[in-house]
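Listed below, chain by chain, are the residues.
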Amino acid sequence: VQLQASGGGLVQPGGSLRLSCAASGSIIAINTMGWYRQAPGKQRELVASITSVASTSYADSVKGRFTISRDNTQNVVYLQMNSLKPEDTAVYYCNANIWTVGSYRDQWGQGTQVTVSS
């Protein structure tokens, strides 16, 4: 089982980016999926999460600007980021709680860099 994140890049303040993260492998079911971020010198923090029934939660710093969604048929989670600010610059990691054959995994993706700068 693995998570593959994509969609990061360089964007100007006020711009938008959409991150994607696809889960693959011998997956029976996926519970909560989420996005975390880690800026240089800071701890990893939860940005947004979404349960299997699409209940969402956001960090206060991104409420109203970011939207998390998922496609359960494709095992993909998305993070639409609008009105980006320089303080959103970080490596973004996807996470998923995955039931596989014989185990329950707290799986992490490889991270994708988001840089907000003029």
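These notes cover the structure that comes with them. (Residues numbered from 1 in each chain as written. Predicted model: local features only at pLDDT ≥ 70, side-chain atom pairs only at ≥ 80, totals over all residues. Heavy atoms only, no water.)

**Quick look at the packing of aromatic side chains**
The cut-off we apply is this: Stacked, edge-to-face and tilted are the three classes for Phe, Tyr and Trp ring pairs, Trp counted by its six-membered ring, which pair at centre distances within 6.5 Å; planes under 30 degrees apart are stacked, over 60 edge-to-face, the rest tilted. Here, over-ring charges are defined by two tests on the NZ atom of lysine or the CZ atom of arginine: distance to the ring centre within 6 Å, and angle to the ring normal within 35 degrees.
Under the defined criterion, the tally for this structure stands at two aromatic pairs. Their ring planes at 50° and their centres at 4.4 Å tell us that W99 and Y104 sit as a pair that is tilted. One cation-aromatic arrangement involves R18 over Y78; the distance from NZ or CZ to the ring centre is 4.0 Å. If you follow R44 out to its NZ or CZ, it ends over the ring of Y93, 3.8 Å from the centre.

**Some words on the pattern of salt bridges**
Note on pairing: side chains with opposite charge can pair once their charged atoms come close. Heads up, the rule is: What counts as a salt bridge is simple: a side-chain nitrogen of Lys or Arg found within 4 Å of a carboxyl oxygen of Asp or Glu. Burial classes follow relative accessibility: with a 1.4 Å probe on protein chains only, a residue under 20% of its type's maximum area counts as buried, one over 50% as exposed, and anything between as partly exposed.
Inspection of every chain in the model, using the stated rule, returns four salt bridges. Ionic pairing is found between E45 and R37, a salt bridge with its closest N-O pair at 2.7 Å. According to the relative accessible area criterion, E45 is partly exposed, its value standing at 34%. Using a relative accessible area of 6% as the deciding quantity, one classes R37 as buried. One continuous salt-bridge network, built from bridges that share partners, spans R37, E45, R65 and D88.

**Quick word on the environment of I28**
For the record, the criterion: Secondary structure counts use DSSP, requiring at least four H or I residues in a row for a helix and at least two E residues in a row for a strand, with both numbered from the N terminus. In what follows, a contact means two residues having at least one pair of non-hydrogen atoms within 4.5 Å.
Within the fold, I28 resides in strand β4 (residues 27–38). Along the sequence, I28 and Q43 sit 15 residues apart, while their C-alpha atoms lie 31 Å from each other. In this structure I28 touches W99, T100 and V101, once residues within four positions along its chain are discounted.

**Points about the state of the cysteines**
The condition is simple: For this text, the term disulfide refers to a pair of cysteine sulfurs within 2.5 Å.
What the rule picks out here adds up to one disulfide. Put simply, C21 and C94 are joined by a disulfide, and their sulfur atoms are 2.0 Å apart. Between C21 and C94, the S-S torsion sits near 55°, and that sign places the bridge as right-handed. With C21 in strand β3 (residues 17–24) and C94 in strand β9 (residues 90–100), this pair connects stretches of sequence that are 73 residues apart. Neither residue differs from the other here; C21 and C94 are each classed as buried.

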